[in-house]
Amino acid sequence: MKPPILAVVMSTVISGTIMVLISSHWLTIWIGFEMNMLAIIPILMKKFNPRAMEASTKYFLTQATASMLLMLGIIINLLLTGQWTVLNMPNPIASNMMTAALAMKLGLSPFHFWVPEVTQGVPMSSGMILLTWQKIAPLSILYQIAPSMNPNLLMAMAIMSVLVGGWGGLNQTQLRKILAYSSIAHMGWMIAVTTYNPTLMLLNLAIYITMTLGTFMLFMLNSSTTTLSLSHTWNKLPLIASLILTTMLSLGGLPPLSGFIPKWMIIHELTKNDMAIMATFMAMTALLNLYFYMRLTYATALTMFPSTNIMKMKWQFESTKNTTLLPPLIMISTMLLPLTPMVLTLF
């Protein structure tokens, strides 16, 4: 894609999301979602091939259905209240419809089937945008309408998403699919806490985005798309292999790393609200995610590929990819735990 066209398309995607974030009127929110959806499709089809075409079609169909459901919820709400404002939602039918529409946009279970397929079919950079930037707008609306939503519906979707995100990624060898299932599980954690403390959802989103961006950038630097190609990393870029290890463990939510903060806070919040069984269940299902991250770290940093590099001359070309953002992203996604009190005051 030519740079000027890419710039126009990306600016439309960004302005669509910003429009959703700053609007308090349902129609402008809906228009923002549409702008965002129509502009992201050329980005998904950047490298034009049948896989990307199929993935973009799947994405378009699910997002269009979600937009239709959202509009239906908006119209029902308008007929009952006579208002377009976001915060006024007394009707449970409108509220449940909007919840389903936003769950479809986010890829929450049971509307999760498009996420792994679309992520696998598009290039790495497009997958990165899909699993990070595209989550911001729907979650901002969930944040605003959280008080008027059905907590039982949200909890059911959260439990299913955490389970699907854990079980789905176990047997995968494709890195994009693994990250897609990881995204579904993280969305489940975010939705679980929405009813009790929506601000924690924003904290979880911010940390999830930094971790996922860091992981995608490490994979792109290495041009890896499968576990096998990732296992060659130690021979070419030993430092990158150890960085992948730490970011993976952080994604899994292990204590000394940043990924532990949201899990710790969410479990604390759920326990405070007499949801100890739910918190225990979610902590146990997080082990499924940790297992497939451990598989990746084992393949990357803890096993040695049979052919040792005894040549004096470097046989690979040096990577020319831009890595300006990588060091800060890796630092934020691994070393934030001691700053937890400061992070909590910010949120």
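The name given to the protein in an unreviewed UniProt entry is NADH-ubiquinone oxidoreductase chain 2, with Martes zibellina as the source organism. Of the comments in the UniProt record for the protein, the one headed Subunit (unreviewed entry) reads "Core subunit of respiratory chain NADH dehydrogenase (Complex I) which is composed of 45 different subunits. Interacts with TMEM242." According to its UniProt record, the protein has this under Catalytic activity (unreviewed entry): "a ubiquinone + NADH + 5 H(+)(in) = a ubiquinol + NAD(+) + 4 H(+)(out)".

Participant: Which residues make up the overall build of the protein, and what values go with them?
Facilitator: Secondary structure assignment for the protein yields 17 helices and 0 strands. Each principal axis of the C-alpha distribution contributes one length, and for the protein these read about 75 × 50 × 35 Å. Here the contacts in the protein between residues at least 6 apart in sequence split such that 77% fall between residues at least 24 apart. With the model as given, the accessible surface of the protein reaches about 15,400 Å², and the carbon-plus-sulfur share is 74%. Treating the 16 positive side-chain charges of the protein as one cloud and the 6 negative ones as another, the clouds have centres 13 Å apart.

Participant: If you had to explain the pattern of salt bridges to someone new, which residues and values would you point to?
Facilitator: Within the structure shown, the criterion is met by 4 salt bridges. With a closest N to O distance of 2.9 Å, Lys58 and Glu54 form a salt bridge. Remark: Glu54 and Lys58 occur in helix 3 (residues 50-81); sequence separation between them is 4 residues, near one turn of the helix. Take Lys58: its relative accessible area is 28%, and that puts it in the partly exposed class.

Participant: Tell me about the UniProt feature "domain: NADH:quinone oxidoreductase/Mrp antiporter transmembrane" (unreviewed entry) in the protein, and name the residues and values.
Facilitator: Feature annotation in UniProt places "domain: NADH:quinone oxidoreductase/Mrp antiporter transmembrane" (unreviewed entry) on residues 23-287, given in this structure's numbering. Secondary structure within residues 23-287 divides into 77% helix and 0% strand; the distance between the first and last C-alpha atoms comes to 39 Å.

Participant: Describe the packing of helix 4 (residues 92-106) against helix 8 (residues 151-168), listing the residues and the values that go with them.
Facilitator: Contact geometry for helix 4 and helix 8: axes closest at 11 Å, N-to-C directions at 20 degrees. It follows that helix 4 is roughly parallel to helix 8 by the angle criterion. You can see that helix 4 and helix 8 cross each other, and the crossing is right-handed. Contacts between helix 4 and helix 8 involve Asn96, Thr99 and Ala103 from the first element and Leu153, Leu154 and Met157 from the second. For the contact of helix 4 with helix 8, the residue count by class is 4 nonpolar, 2 polar and no charged.

Participant: Summarise unusual backbone geometry; cite the residues concerned and give the values.
Facilitator: Ser109 connects to Pro110 through a cis peptide bond whose omega is 5 degrees. Relative to the helices and strands, Pro110 is located in the loop between helix 4 and helix 5 (114-121). The phi angle at Ser223 is positive, at roughly 55 degrees, despite the residue not being glycine. Relative to the assigned elements, Ser223 resides in the loop between helix 10 (198-222) and helix 11 (227-230). Backbone geometry at Asp274 places phi at a positive 60 degrees, although glycine is not the residue there. Within the element layout of this structure, Asp274 appears in the loop between helix 14 (260-272) and helix 15 (276-302). For Asp274, a relative accessible area of 72% puts it in the exposed group.

Participant: Kindly report on the nonpolar core, identifying the contributing residues and their values.
Facilitator: For soluble globular proteins, the rule of thumb is that nonpolar side chains tend to be buried together. By size, the foremost hydrophobic cluster in this structure holds 96 residues, and its most contacted members are Trp26, Tyr59, Leu139 and Ile145. Considering every element that reaches this core, the biggest residue donor is helix 10, with 13 residues.

Rules behind the numbers
Just so you know, the residues in each chain are numbered from 1, in the order the chain's sequence is written. Note on the predicted model: pLDDT of at least 70 is required for a residue's local features to be given, and 80 or more for side-chain atom pairs to be given and counted; whole-chain, interface and lining totals, by contrast, use all residues. Each side-chain value is worked out from all heavy atoms of the structure, with water and hydrogens disregarded. UniProt positions are given in the numbering used here, feature names are shortened, and annotations may be inferred rather than shown by experiment. Counting from the N terminus, the helices are the DSSP runs of H or I reaching at least four residues and the strands are the DSSP runs of E reaching at least two. Contacts: residue pairs with any heavy atoms within 4.5 Å of one another. Every accessible area reported is derived by Shrake-Rupley at a probe size of 1.4 Å, with residue values counting cover from the shown protein chains alone. In this count, Lys and Arg are taken as positive residues and Asp and Glu as negative ones, while His and the chain termini are left out. Taken as the charge location is NZ of Lys, CZ of Arg, CG of Asp or CD of Glu. Basic side-chain nitrogens of Lys or Arg form a salt bridge, by our definition, when they fall within 4 Å of a carboxyl oxygen of Asp or Glu. Note on classification: 1.4 Å probe, protein chains only; a residue is buried when its accessible area is under 20% of the maximum for its type, exposed when over 50%, partly exposed between these limits. Fitting a line to C-alpha atoms yields each axis, with helices limited to the stretch in contact; the angle taken between N-to-C directions then spans 0 to 180 degrees. To sort the angles, those under 35 degrees are grouped as roughly parallel, those over 145 as roughly antiparallel, those from 65 to 115 as roughly perpendicular, and the leftovers as oblique. Put simply, a crossing is left-handed when the front helix is turned counterclockwise from the back one by less than a right angle, and right-handed when it is turned clockwise. Gly is put with the polar residues, along with every residue not named as nonpolar or charged; the nonpolar set is Ala, Val, Leu, Ile, Met, Phe, Trp, Tyr, Cys and Pro, and the charged set is Asp, Glu, Lys and Arg. Among the buried residues, those of types Ala, Val, Leu, Ile, Met, Phe, Trp, Tyr and Cys that are joined through side-chain atoms within 4.5 Å form a nonpolar core.

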